[in-house]
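If you want the building blocks of each chain, they are given just below.
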Amino acid sequence: MKIITIVGARPQFIKAAAISREIEKYSDIEEIIVHTGQHYDKNMSEIFFEEMKIPRPKYNLGINSLSHGAMTGRMLEKIEEIILDEKPDFVVVFGDTNSTLAGALAAKKLHVKIAHVEAGLRSLNMKMPEEVNRILTDRISDILFCPTDKAVENLNSEGFRNFETRIVKSGDVMQDTAMFYSKFAKKPEFEISEKYILATIHRAENTDVPERLKSIFSAFKEISKTIDIVLPLHPRTKKIIENLGLKTHGIKIVDPVSYLEVVYLLKNANLVMTDSGGVQKEAFFFQKPCVTLRDETEWVELIENGYNLIVGANSQKIISASLEMLNKEIDYSRNLYGGGTAAEKIVKELLK
Ligand code: UD1
Ligand code: UDP
């Protein structure tokens, strides 16, 4: 069997790592990795392949830093050429980025089967580019690998049972990755206090609305008077902060870190504050409370079970949520994401 996996953005390397590790166990599966080039800085791309020993992409399309239409369109055109040349049995796509949608659309028009890993998630906010990407990708996929019960429920309520698709609850490949690489956690070279909050910010809904971004950073500055905030900064946010002239004094801003470094930072943090999808779950995997700086989340089970507080971008709410979560005793014994067996289930299903 020949599989093309499409990656492009940071979280996809981390998800694909789990699938590639599983595929390596099968001599009868050939995996061809296509990197769209959506992320391209060394510490947004290359470092993950190097450090996590992910097989090298056979193709890197070098498509990035464009508007949504231009980026998705150029990816679509190039991926189509590759699918025509390689003639895979399956195209595997991950998550909800522009690379995901481009890969799925190219495959569908060529009648190649699509497996969508991390299917069925919904924020119910159609203004998010991710929501559009994931809904369209789900609709044209042949196998929908859902990480959670809620994801399966979402697909059922949208009538997916009436479509010619297989819905499989696989669990979450990000948990597979977290469990495997946990023992390789690497201390970053910068100085870290004994107590600190790990924060990340990059989602368009925050970065592209100056009022929200200002409000979040004003909360960070206030909180960092009492506890350090370590903020590995996504290049998108870095550029916008510089353009806005936002003051960030007191916040420990560092370049994006590698996955093994993020695992170290997660393991040793007292709290996580983020608008990332992946980091919300990783806080749970490493048993850390989380405050989510968005108005909604796809990972509702974290909210329902008290692992995560969702507060949006209001300064006062962020400050009081951080205090509440820093002092909360939490039982992490629930198995919400499958316990690290997602990739095994996914690859077995592809072989059926
Ligand atoms: C993308 C995904 C988002 C995901 C995120 C993961 C879409 C629509 N969005 O957002 O869902 O959460 O990846 O991190 O696909 N840039 C660099 N260097 C890089 C990468 C990006 O400088 O290596 C800068 C460029 O100026 C670029 C901007 O960041 O224009 C935004 O990058 P882009 O890939 O368009 O979106 P992300 O914000 O990274
Ligand atoms: N991550 C990383 N280095 C960082 C920040 C995040 O390796 O400096 C990892 C993080 O641990 C998670 C993934 O990147 O596995 C999530 O990506 P991101 O937050 O960019 O995107 P999202 O999950 O929101 O789509």
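Look above for the structure.
Residues numbered from 1 in each chain as written. Chains lettered and ligands numbered in written order. Predicted model: local features only at pLDDT ≥ 70, side-chain atom pairs only at ≥ 80, totals over all residues. Heavy atoms only, no water.

Engineer: How should I be thinking about the overall build of the chain in this particular structure?
Structural biologist: Helix and strand counts for the chain stand at 15 helices and 13 strands. Taking 352 residues into account, the globule formula puts the C-alpha radius of gyration at 20 Å, and the chain, at 20 Å, falls close to it. When its C-alpha atoms are laid out on the principal axes, the chain stretches across 55 × 40 × 40 Å. Across the 352 residues in the chain, those meeting the buried criterion constitute 60%. (Helix = DSSP H or I, 4+ residues; strand = E, 2+ residues; numbered from the N terminus. Rg over C-alpha atoms; globule rule 2.2 N^0.38 Å. Buried < 20%, exposed > 50% of the residue type's maximum accessible area, 1.4 Å probe, protein only.)

Engineer: Looking at this structure, I do not really get the site of ligand 2. What am I missing?
Structural biologist: Of all residues adjacent to ligand 2, which total 18 residues, the nearest are Val257, Ser276, Gly277, Gly278 and Glu282. Contacts to ligand 2 include His202, whose side-chain N or O atom sits 3.4 Å from an oxygen atom. Taking Gly278, its main chain carries an N or O atom lying 2.8 Å from an oxygen atom of ligand 2. When ligand 2 sits alone it has 540 Å² of accessible area, and the protein chains cover 96% of it. Only α1 (10-23), α11 (259-268) and α12 (277-285) provide two or more residues apiece to the shell around ligand 2. (Near = heavy atom within 4 Å. Polar contact = N/O pair within 3.5 Å; in protein donor to acceptor, adjacent residues only side chain to side chain. Areas by Shrake-Rupley, 256 points an atom, 1.4 Å probe, with all protein chains shown as cover.)

Engineer: Quick question: what am I supposed to make of the sheet that holds strand β11 (residues 271-274) here?
Structural biologist: Strand pairing in a sheet takes place through backbone hydrogen bonds and is either antiparallel or parallel in direction. Read across the open sheet, the six strands follow the order β10-β9-β8-β11-β12-β13; overall the sheet is parallel. Both edges of this open sheet fall to β10 (252-254) and β13 (308-310), since each of them pairs with a single strand only. Each strand axis lies, on average, 20 degrees off the axis of its neighbour in the sheet, ignoring direction. Alignment of strand β12 (residues 290-292) against β13, held across three bridges, turns out to be parallel. What sits directly across from Thr292, in β13, is Ile310. (Pairing = 2+ DSSP bridges. Axes fitted to C-alpha atoms, helices over the stretch in contact; angles between N-to-C directions.)

Engineer: Just to check I follow, could you spell out the site of ligand 1 for this structure?
Structural biologist: Neighbouring ligand 1 are 21 residues, the closest being His39, Glu130, His202, Arg236 and Lys239. Here Gln38 contributes a side-chain N or O atom positioned 2.9 Å from an oxygen atom of ligand 1. Interatomic distance of 2.9 Å between a backbone N/O atom of Tyr40 and an oxygen atom of ligand 1. Contact with the protein chains covers 90% of the free accessible surface of ligand 1, which is 750 Å². The set of elements that each furnish at least two residues to the shell around ligand 1 consists of α3 (68-86), α5 (129-140) and α10 (235-244). Top contributing element to the shell around ligand 1 by residue count: α10, with three residues.

Engineer: Help me understand the pattern of salt bridges, please; the structure alone is not making it clear to me.
Structural biologist: Pairing is possible between side chains of opposite charge, provided their charged atoms come close. One pass over the structure, following the stated rule, counts 27 salt bridges. Glu131 is paired through a salt bridge with Arg134; the nearest N and O atoms lie 2.2 Å apart. In this pair, Glu131 and Arg134 both sit in helix α5, three residues apart, roughly one turn of the helix. The same class applies to Glu131 and to Arg134, which are both buried. One connected set of salt bridges, linked through shared partners, spans Asp96, Glu131, Arg134, Glu205, Arg294, Glu296 and Glu298. (Salt bridge = Lys/Arg side-chain N within 4 Å of Asp/Glu carboxyl O.)

Engineer: Got a minute to help me understand the side chain of Ser182 in this structure?
Structural biologist: Mapped onto the fold, Ser182 is located in the loop between α7 (173-181) and β8 (196-200). Classification of Ser182 by relative accessible area gives buried; the value is 18%.

Engineer: How should the sheet that holds strand β6 (residues 143-146) be read in this particular structure?
Structural biologist: Read across the open sheet, the seven strands follow the order β3-β2-β1-β4-β5-β6-β7; overall the sheet is parallel. Strands with a single pairing partner mark the edges of an open sheet, and in this sheet they are β3 (59-60) and β7 (166-169). Alignment of strand β1 (residues 2-7) against strand β4 (residues 90-94), held across four bridges, turns out to be parallel. Note on β4: the bridge partner recorded for Thr5 is Val92. The strands touched by α5 within the sheet are β4, β5 (113-117) and β6, with β5 carrying the most contacts at an inclination of about 135 degrees. (Contact = heavy atoms within 4.5 Å.)

Engineer: Could you clarify how one ought to interpret a negative patch on the surface in this entry?
Structural biologist: The grouping of Glu77, Glu80, Glu81 and Asp85 at the surface amounts to a negative patch. Structurally, the position occupied by Glu81 is in helix α3. (Patch = residues over 30% accessible without salt bridge, like charges linked within 9 Å, V, L, I, M, F, W, Y side chains within 5 Å. Lys, Arg positive; Asp, Glu negative; His and termini not counted. Charge placed at Lys NZ, Arg CZ, Asp CG, Glu CD.)

Engineer: Please explain the packing of aromatic side chains as it appears in this structure.
Structural biologist: Two aromatic rings, taken as a pair, are described by how far apart their centres are and by the angle between their planes. For the structure on display, the rule yields 15 aromatic pairs. With a centroid separation of 5.0 Å and 65 degrees between ring planes, the pair formed by Phe160 and Phe163 is classed as edge-to-face. Take Phe160: its relative accessible area is 3%, and that puts it in the buried class. For Phe163, a relative accessible area of 26% puts it in the partly exposed group. A network of ring pairs unites the aromatic residues Phe284, Phe285, Trp299, Tyr307, Tyr332 and Tyr337 as a single cluster. (Phe/Tyr/Trp six-rings, centres within 6.5 Å; stacked < 30°, edge-to-face > 60°.)

Engineer: Can you walk me through the nonpolar core in this structure?
Structural biologist: For soluble globular proteins, the rule of thumb is that nonpolar side chains tend to be buried together. Formed by 69 residues in total, the largest nonpolar core has its most connected members in Tyr259 and Leu350. A per-element tally of this core places α1 first, with seven residues. What Leu350 contacts, discounting residues up to four positions off in sequence, is Met1, Ile3, Phe90, Val92, Ala115, Ile143 and Phe145. Within the second largest apolar cluster, 27 residues are counted, among which are Ile201, Ile240, Leu246 and Leu271. (Core = buried A, V, L, I, M, F, W, Y, C linked by side-chain atoms within 4.5 Å.)

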